[in-house]
Amino acid sequence: MLALLCGGQGTLSDKIFDLVADQPAVAPVFAAATACLGEDPRNLVRTRGTDELSANHVSQILTVTSTLAIHACIADLLTEQTAVTGYSVGEMAAWSIAGIWTAEEALRLTDVRAQLMDSAAGPDGRLGYVRGLDQITLERLLDTYRCEVAIRNPDRLVVIGGSEQDVIDLCEAAIRQGAARSGLLAVKIASHTSRLARACKPLQQALDASRRVPIASQRILLAGGDGERIFSASDATAKLACQVARPIDWSATLEALAELGVSRVLDLGPGHALAEMMQAFLPDIRCYAADGFRTIEGLRHWIESE
């Protein structure tokens, strides 16, 4: 079984669309992203600096655009046994890939999501990471520096959120306490923490009112926050909406994929962090990232090869 992983926000390269930029199948995705951004995303990533690209609203839309663009080029090769899940904002793309929304609707809702999060969060939020601390030490630091766990990943890699200065202070203290690594992430909002609680209800209302594809999804969709299988979109909108203010257990999601019997994983990106995480978590599974292929033809051949 093939599983597709849809990545979350991170550092965005000016090359994220190089693989798909001229593919005819991607035209509707770029058109929808342009409507959200006010500019063609292919041009935007080449002409804006890192700070502008990492702004929450722009970053979320570019992230989902990148994932959906790759999917548009391989969609005809996927079967009803394909599983899909998303990491943070990647879950918006995952719902589209599973067949619940069109790509255009997924991007419109991502736009709404980002705006609601910005409105709820205030100007000083930030995410950071800590690797290698034991749970007791980490919890003590979280209390001291008024931060929260945002995402739990395998191998004691934890994403934390709070005000930017508090996150900086915690990361520095974590190194002194013996963390293997620690530092800031490019995400300039405290996603998946209680600071975003005010965004949940209006986001759920937007998701409930969304335009869904009339034919039921045939792909296996797992919630990115805990790996629970989603059988009914209407029953899962509250969970997806509240994801912005609650911690994600990505380790549980990877365990759920293993229990499904997944034998191959394709990280749709952006980047290749999820493929690397999955490979380390389950070394026997073949894991690749879309951005590791030089051509769409090569990517399609890999999907068809088994």
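Cut-offs applied
- Residues numbered from 1 in each chain as written.
- Predicted model: local features only at pLDDT ≥ 70, side-chain atom pairs only at ≥ 80, totals over all residues.
- Heavy atoms only, no water.
- Disulfide = S-S within 2.5 Å.
- Buried < 20%, exposed > 50% of the residue type's maximum accessible area, 1.4 Å probe, protein only.
- Axes fitted to C-alpha atoms, helices over the stretch in contact; angles between N-to-C directions.
- Helix = DSSP H or I, 4+ residues; strand = E, 2+ residues; numbered from the N terminus.
- Parallel < 35°, antiparallel > 145°, perpendicular 65-115°, else oblique.
- Contact = heavy atoms within 4.5 Å.
- Pairing = 2+ DSSP bridges.
- Arc of directions from axis to C-beta.
- Phe/Tyr/Trp six-rings, centres within 6.5 Å; stacked < 30°, edge-to-face > 60°.
- Lys NZ or Arg CZ within 6 Å of the ring centre and 35° of its normal.
- Salt bridge = Lys/Arg side-chain N within 4 Å of Asp/Glu carboxyl O.

**Describing the state of the cysteines**
Then, in step 1: Scanning the model with the defined rule gives zero disulfides in all.
Then, in step 2: As a non-bridged cysteine, Cys36 has Cys6 as the owner of its nearest cysteine sulfur, 17 Å distant.
Then, in step 3: Residue Cys36 is classed as buried on the basis of its relative accessible area, which comes to 16%.
Then, in step 4: Cysteine Cys287 is unpaired, with the sulfur of Cys6 as its nearest cysteine sulfur at 15 Å.

**Side note on the packing of helix α1 (residues 27–37) against helix α4 (residues 56–74)**
Then, in step 1: With their axes 9 Å apart at the nearest point, α1 and α4 run at an angle of 175° to one another. The orientation of α1 relative to α4 falls into the category roughly antiparallel. Counted together, Val29, Phe30, Ala33, Cys36 and Leu37 of α1 and His57, Val58, Ile61, Leu62, Thr65, Leu68, Ala69 and Ala72 of α4 form the full contact between these two elements.

**With respect to unusual backbone geometry**
Then, in step 1: Here Gly269 and Pro270 are connected by a cis peptide whose omega angle stands at 5°.
Then, in step 2: Despite not being glycine, Ser88 shows a phi value in the positive range, around 60°.
Then, in step 3: Along the chain, Ser88 falls in the loop between β2 (83–86) and α5 (90–97).
Then, in step 4: The backbone phi angle of Arg146 is positive, close to 55°, even though this residue is not glycine.
Then, in step 5: Position of Arg146 relative to the elements: it lies in the loop between α7 (135–144) and β4 (148–153).
Then, in step 6: For Arg146, a relative accessible area of 58% translates into the label exposed.

**Points about the sheet that holds β2**
Then, in step 1: Spatially, the six strands line up as an open sheet ordered β8-β7-β2-β1-β10-β11, and their pairing is mixed. The open sheet is flanked by β8 (229–230) and β11 (286–289), the only strands paired with a single partner.
Then, in step 2: Direction of pairing for strand β10 (residues 264–267) relative to β11: parallel, over a ladder of four bridges. From the neighbouring strand, Leu266 faces β11, where its bridge partner is Tyr288.
Then, in step 3: Contacts from helix α11 (residues 250–260) reach β1 (2–6), β2 and β7 (220–222), with the element oriented near 180° to β2.
Then, in step 4: Taken strand by strand, helix α13 (residues 296–304) contacts β1, β10 and β11, and its axis lies near 160° from that of β10.

**Digging into α13**
Then, in step 1: Taken as a whole, α13 has its buried residues at Ile296, Leu299, Trp302 and Ile303. The arc that holds every buried residue of α13, seen down its axis, measures 120°, which confines them to one face. Opposite the buried face of α13, by more than 90 degrees, sit the exposed residues Glu297, His301 and Glu304.
Then, in step 2: On its buried face, α13 is in contact with β1, α4, β10 and β11.

**Concerning the packing of aromatic side chains**
Then, in step 1: The final tally for this structure, using the stated rule, is six aromatic pairs.
Then, in step 2: Both rings, one in Phe17 and one in Phe30, keep their centres 5.3 Å apart while their planes meet at 90°; by these two values the pair is edge-to-face. In this pair, Phe17 sits in the loop between β1 and α1 while Phe30 sits in helix α1, placing the two residues 13 residues apart along the sequence. Pair check on accessibility: Phe17 and Phe30 agree, each one buried.
Then, in step 3: Three or more aromatic residues joined by ring pairs make a cluster, and in this case those are Tyr288, Phe293 and Trp302.
Then, in step 4: Lying across the ring of Trp302, Arg264 places its NZ or CZ 4.6 Å from the centre.

**Concerning the side chain of Ser251**
Then, in step 1: Relative to the elements of secondary structure, Ser251 occurs in helix α11.
Then, in step 2: What Ser251 contacts, discounting residues up to four positions off in sequence, is Arg152, Asn153, Pro154 and Phe281.

**What to know about the sheet that holds strand β6 (residues 181–184)**
Sheet strands associate in pairs through backbone hydrogen bonding, adopting either a parallel or an antiparallel arrangement.
Then, in step 1: The sheet built from five strands is open, its strands ordered β6-β3-β5-β4-β9 with mixed pairing. Both outer strands of the open sheet, β6 and β9 (248–249), are each paired with one neighbouring strand and no more.
Then, in step 2: Strand direction decides the pairing type here: strand β3 (residues 125–131) and β6, joined by four bridges, are antiparallel. From the neighbouring strand, Arg131 faces β6, where its bridge partner is Arg181.
Then, in step 3: Against the sheet, helix α8 (residues 164–176) touches β3, β5 (157–163) and β6, its axis set at about 140° to β5.

**Remarks on the environment of Leu2**
Then, in step 1: Note that Leu2 resides in strand β1.
Then, in step 2: C-alpha separation for the pair Leu2 and Arg294, spaced 292 residues apart in sequence, amounts to 21 Å.
Then, in step 3: Beyond its immediate stretch of four places on either side in the chain, Leu2 contacts Leu78, Gln81, Thr82, Ala83, Arg264, Val265, Leu266, Trp302 and Ile303.

**Brief notes about the pattern of salt bridges**
Then, in step 1: Taken as a whole, this structure holds 13 salt bridges when the rule is applied.
Then, in step 2: Between Arg108 and Glu105 there is a salt bridge, with the nearest N and O atoms lying 2.8 Å from each other. Residue Arg108 and its partner Glu105 are both found in helix α6 (residues 103–121); the two are separated by three residues, about one turn of the helix.
Then, in step 3: We classify Arg108 as partly exposed; its relative accessible area is 31%.
Then, in step 4: The network of salt bridges with shared partners includes Glu39, Arg48 and Glu52.

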